[in-house]
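A look at the structure
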Amino acid sequence: QLRDGERVPGGKPMTKTWRIGNPKEAKSAWPAMCYLKWVGGDLLENVDDIHVVCPVALRPRESADFTIHTRAPATEGEYRSLFRLHTPDGQAFGGRHYIRIHAHQPRVTTPSPDVVPEPFDSGASSSSSTTTTTTTTTAAAPAPVVVVVAPEVVPAPPVPSWHSHQYAAQIRHLCDMGFPADRSPIISEWLISNRGELETVIML
């Protein structure tokens, strides 16, 4: 809704609505098909062709909304247009209704260019400038660690001594007969399998 005296950019479409009523003290109704029309002042776009018609009669205390659509002038300045109601036969009546605006040119903002800082010139600095030397020390990588795992030593089972054998007496007797002592394990197996019978071992 366009306000009275509003600042409007030039060329912008505008909509203006008036609520116009038949006063309560009126003696008669407004006739059907009365219309709102531009009658003077500044001629806005198309307003001279506008006839806003009310199709019904308006009795006292009744009102209707009358809306027009126009456009703000492109030229900057103050503008005022005057409108009045008319009977179907073209007779003006009632009060005066205005469009008051201030048309202006929209302000165009030009973006400022980006400010690029000048590069630092070490030669332009004072003679007391200090040169900083940065030394980077790289830590030596740790030497790889080789893990050596000694193989597990499984002790050999003890060689049973024939001296503690259950047939030690028989084995000794055989050794005395000339059987080699280093064959005592074999002899003991023979004795066990033959239940200590020396005759069987000798025959073998």
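Note that the structure is a prediction, hence the values are computed from the model and not measured. (Residues numbered from 1 in each chain as written. Predicted model: local features only at pLDDT ≥ 70, side-chain atom pairs only at ≥ 80, totals over all residues. Heavy atoms only, no water.)

**A closer look at the side chain of His 102**
Relative to the helices and strands, His 102 is located in strand β7 (residues 92-104). Its relative accessible area of 14% is what places His 102 among the buried residues. Other than its neighbours up to four places away in sequence, His 102 contacts Glu 6, Arg 7, Val 8, Glu 76, Gly 77 and Glu 78. (Helix = DSSP H or I, 4+ residues; strand = E, 2+ residues; numbered from the N terminus. Buried < 20%, exposed > 50% of the residue type's maximum accessible area, 1.4 Å probe, protein only. Contact = heavy atoms within 4.5 Å.)

**Quick notes on unusual backbone geometry**
Residues other than glycine seldom take positive phi values, yet Met 33 does so here, at roughly 75°. Its place among the elements puts Met 33 in the loop between β2 (13-21) and β3 (34-41). Residue classification places Met 33 among the partly exposed residues on the basis of a relative accessible area of 44%. With a phi close to 70°, Asn 46 is a non-glycine residue in the positive phi region. By secondary structure assignment, the location of Asn 46 is in the loop between β3 and β4 (51-54). Judged by its relative accessible area of 46%, Asn 46 falls in the partly exposed class.

**Topic: the pairing of β7**
Relative to β7, strand β1 (residues 6-9) is paired through 4 bridges, and the arrangement is parallel. In the sheet register, Pro 9 faces β7, and the bridge partner there is His 104. Direction of pairing for strand β6 (residues 77-86) relative to β7: antiparallel, over a ladder of 9 bridges. Bridging across to β7, Ser 81 finds its partner in Ile 99. Count of turn residues in the β6/β7 antiparallel hairpin: 5 residues, of which Gly 90 carries a positive phi of about 95°. (Pairing = 2+ DSSP bridges.)

**Observations regarding the nonpolar core**
Ranked by size, the top nonpolar core spans 26 residues in total, and within it Leu 36, Phe 66, Phe 83, Ile 99 and Ile 101 carry the most contacts. Taken together, the elements giving at least two residues each to this core come down to β2, β3, β4, β5 (63-71), β6 and β7. Here this core gets 4 residues from one element, more than from any other, and that element is β7. Not counting the four nearest positions on each side in its chain, Phe 83 is found in contact with Trp 18, Leu 36, Lys 37, Trp 38, Val 39, Val 47, Ile 68, Gly 95, Arg 96, His 97 and Ile 99. (Core = buried A, V, L, I, M, F, W, Y, C linked by side-chain atoms within 4.5 Å.)

**Some thoughts on the packing of aromatic side chains**
All told, the structure shown has 2 aromatic pairs when counted by the stated rule. Ring geometry for Trp 18 against Phe 83: centres 5.3 Å apart, planes inclined by 45°, an arrangement best described as tilted. In this pair, Trp 18 is assigned in strand β2 and Phe 83 in strand β6, connecting sequence segments 65 residues apart. Residue classification places Trp 18 among the buried residues on the basis of a relative accessible area of 9%. Each ring, one from Trp 30 and one from Phe 93, has its centre 5.2 Å from the other, and the planes form 70°; the classification is edge-to-face. A residue pair is termed long-range when its members are at least 10 positions apart, and Trp 30 in the loop between β2 and β3 and Phe 93 in strand β7 qualify at 63 residues. The same class applies to Trp 30 and to Phe 93, which are both buried. (Phe/Tyr/Trp six-rings, centres within 6.5 Å; stacked < 30°, edge-to-face > 60°.)

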